[in-house]
Amino acid sequence: MAEINITPFVDVMLVLLIIFMVAAPLMTVGVPVQLPETAASALPSDEEEPLTVTIKSDGTLAIQTTDTPDADLIVRLQAIAAEREGNRIFLRADGVNNWNRVAEVMGALNAAGFTDIGLVTDIGGTGLGGAGLGQPAATDG
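Here we summarise the structure given alongside this text.

What counts, and at which threshold
Residues numbered from 1 in each chain as written. Predicted model: local features only at pLDDT ≥ 70, side-chain atom pairs only at ≥ 80, totals over all residues. Heavy atoms only, no water. Helix = DSSP H or I, 4+ residues; strand = E, 2+ residues; numbered from the N terminus. Buried < 20%, exposed > 50% of the residue type's maximum accessible area, 1.4 Å probe, protein only. Contact = heavy atoms within 4.5 Å. Areas by Shrake-Rupley, 256 points an atom, 1.4 Å probe, with all protein chains shown as cover. Pairing = 2+ DSSP bridges. Axes fitted to C-alpha atoms, helices over the stretch in contact; angles between N-to-C directions. Core = buried A, V, L, I, M, F, W, Y, C linked by side-chain atoms within 4.5 Å.

### Comments concerning the overall build of the protein
Inference 1: Secondary structure summary: the protein contains 3 helices and 7 strands in total.
Inference 2: Every one of the 141 residues in the protein was classed for burial, and the buried ones make up 25%.
Inference 3: Considering only contacts within the protein whose residues lie at least 6 apart along the sequence, 69% involve residues at least 24 apart.
Inference 4: A total of about 10000 Å² of accessible surface is found on the protein, and carbon and sulfur atoms cover 60% of it.

### Brief notes about the environment of L35
Inference 1: Looking at where L35 falls in the secondary structure, it is placed in the loop between helix 1 (7–23) and strand 1 (37–38).
Inference 2: Remark: the alpha-carbon pair of L35 and A93, spanning 58 residues in sequence, is separated by 6.4 Å.

### What to know about the sheet that holds strand 4 (residues 66–68)
Inference 1: Reading across from one edge, 4-3-2-5-6 is the order of the 5 strands in this open sheet, with mixed pairing throughout. Two strands bound the open sheet, and with one partner strand each, they are strand 4 and strand 6 (116–120). The mean angle between the axes of side-by-side strands here comes to 30°, regardless of whether they run parallel or antiparallel.
Inference 2: In terms of strand pairing, strand 2 (residues 51–55) meets strand 5 (residues 88–93) through 5 bridges, oriented parallel. Looking at the pairing, I55 lines up with A93 of strand 5.

### Regarding the nonpolar core
Inference 1: V53, L77 and V105 are the most contacted members of the largest nonpolar core, which totals 16 residues.
Inference 2: Among the elements of the structure, strand 2, strand 3 (61–63), helix 2 (73–83), strand 5 and helix 3 (99–111) are those that each provide at least two residues to this core.
Inference 3: Per-element accounting of this core gives the leading share, 4 residues, to helix 3.
Inference 4: Excluding anything up to four places from it in sequence, V53 contacts A62, I63, L77, I89, F90, L91, R92, V105 and L109.

Geometric descriptors of this kind do not, in isolation, establish any biological role.
Below, the structure written as structure tokens:
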């Protein structure tokens, strides 16, 4: 019999497909924070790996996964910006942070030369008033 049996090949490929499907969500890089949920859509992706600054729940900062003191943030970001092509940066902030802290960090990102700042949130939020965009919120009364 001169035919090739492809059944073992298909079996191996299906197992590899399942392994990659399970492992892909685990490969996200970042500091664990509880992101606020919004009704915004995702930004288009670039070829360059996105640079991320995270404000953790205790207010401390991290560039990618490296903890960074507030005083060193601008200097480190300027050094990183000199090596990058684009000026896009993503800001992740835990939902317990107040707006003043987020605004301070956004100002520091701008001072470091990053003008394309994307705010990272989780999808699935309801929008304004908790009832969806453009819809009035339900009230008891």
